[in-house]
Amino acid sequence: MKITILCVGKIKKKFLTEAVNDYKTRLSSQATVDIIEVADEKTPDGASAATEEKIREKEGKRLLEKMPKDAYKIALAIDGKKLSSEHFSEKIDNLMISGVSHIAFIIGGSIGLSPEVLQTADMKLSFSDMTFPHQLMRVILLEQVYRAYKIIKNEPYHK
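Residues numbered from 1 in each chain as written. Predicted model: local features only at pLDDT ≥ 70, side-chain atom pairs only at ≥ 80, totals over all residues. Heavy atoms only, no water.

1. Observations concerning the packing of helix α3 (residues 85-97) against helix α5 (residues 134-152)
Part 1 of the reasoning: As a packed pair, α3 and α5 sit with axes 8 Å apart at the nearest point and diverge in direction by 75 degrees. Considered as vectors, α3 and α5 are oriented roughly perpendicular to each other. On α5, the residues touching Ser85, Glu86, Phe88, Ser89, Ile92, Asp93 and Met96 of α3 are Gln144, Val145, Arg147, Ala148, Tyr149, Ile151 and Ile152.
Part 2 of the reasoning: Partitioned by chemical class, the residues of the contact of α3 with α5 number 8 nonpolar, 3 polar and 3 charged. (Axes fitted to C-alpha atoms, helices over the stretch in contact; angles between N-to-C directions. Helix = DSSP H or I, 4+ residues; strand = E, 2+ residues; numbered from the N terminus. Parallel < 35°, antiparallel > 145°, perpendicular 65-115°, else oblique. Contact = heavy atoms within 4.5 Å. Nonpolar A, V, L, I, M, F, W, Y, C, P; charged D, E, K, R; others polar.)

2. A look at the side chain of Ser89
Part 1 of the reasoning: Along the chain, the position of Ser89 falls in helix α3.
Part 2 of the reasoning: Classification of Ser89 as buried rests on a relative accessible area of 3%.
Part 3 of the reasoning: In this structure the side chain of Ser89 is engaged in a polar contact, spanning 2.7 Å, whose partner is the backbone oxygen of Glu86.
Part 4 of the reasoning: Apart from residues lying up to four places away in sequence, Ser89 is in contact with Ala148, Ile151 and Ile152. (Buried < 20%, exposed > 50% of the residue type's maximum accessible area, 1.4 Å probe, protein only. Polar contact = N/O pair within 3.5 Å; in protein donor to acceptor, adjacent residues only side chain to side chain.)

3. Considerations on the pairing of strand β3 (residues 72-82)
Part 1 of the reasoning: As paired strands, β3 and strand β4 (residues 102-107) are joined by 4 bridges and run parallel to one another. Along β4, the bridge assignment pairs Ile74 with Phe105.
Part 2 of the reasoning: Pairing analysis gives 5 bridges linking β3 to strand β5 (residues 123-126), with the strands arranged parallel. Across the sheet, the residue bridging to Ala75 is Lys124, located in β5. (Pairing = 2+ DSSP bridges.)

4. A word on the layout of surface pockets
Part 1 of the reasoning: Taken as a whole, the largest pocket holds about 480 Å³ of empty space.
Part 2 of the reasoning: Together, 22 residues line the largest pocket, and Leu76, Ala77, Ile78, Gly112 and Phe132 are the ones closest to its centre.
Part 3 of the reasoning: Broken down by secondary-structure element, the contributors of at least two residues to the lining of the largest pocket are β3, β5 and α5.
Part 4 of the reasoning: It is β3 that provides the largest number of residues to the lining of the largest pocket, a total of 4 residues.
Part 5 of the reasoning: When its residues are assigned to classes, the lining of the largest pocket shows 13 nonpolar, 8 polar and 1 charged. (1 Å grid on protein atoms, 1.4 Å probe; cavity = no way out; pocket = protein on both sides within 12 Å on 5 of 7 lines; lining within 4 Å. Points joined across faces, edges and corners; volume = space filled by probe spheres on them.)

Structure follows, in structure tokens:
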């Protein structure tokens, strides 16, 4: 399985980079994990809705340019479907069984994804009603993908 994480912005904290690399290493026997970063736009404090929309549009265009064409696309969005870890692992397992060999997860910037990016997604996924920093979301996502593989293989990490 090939997993691409397409995201806005670079990780700035060393401890987050270390966590991402740890999960990439853990997953290496199950999947090839590629992380593609696109530049983020600075969002001014108190930005208007119109300014935020322009920012999402610019970031969205960058994401769409890098979007893998052959992948099953899962956009992380607060209004997406919420799944337990077990159901998330079932989703990944079912995709593999149905012949999907490439999953792309899309993580937006600090103000989310553009409507154009959301429309290209095969699925919208929410990890919580809470808002998480988009840089931390990479770690959370990779941990859940790792957990999903452990559940699929019936290995003890999950409990």
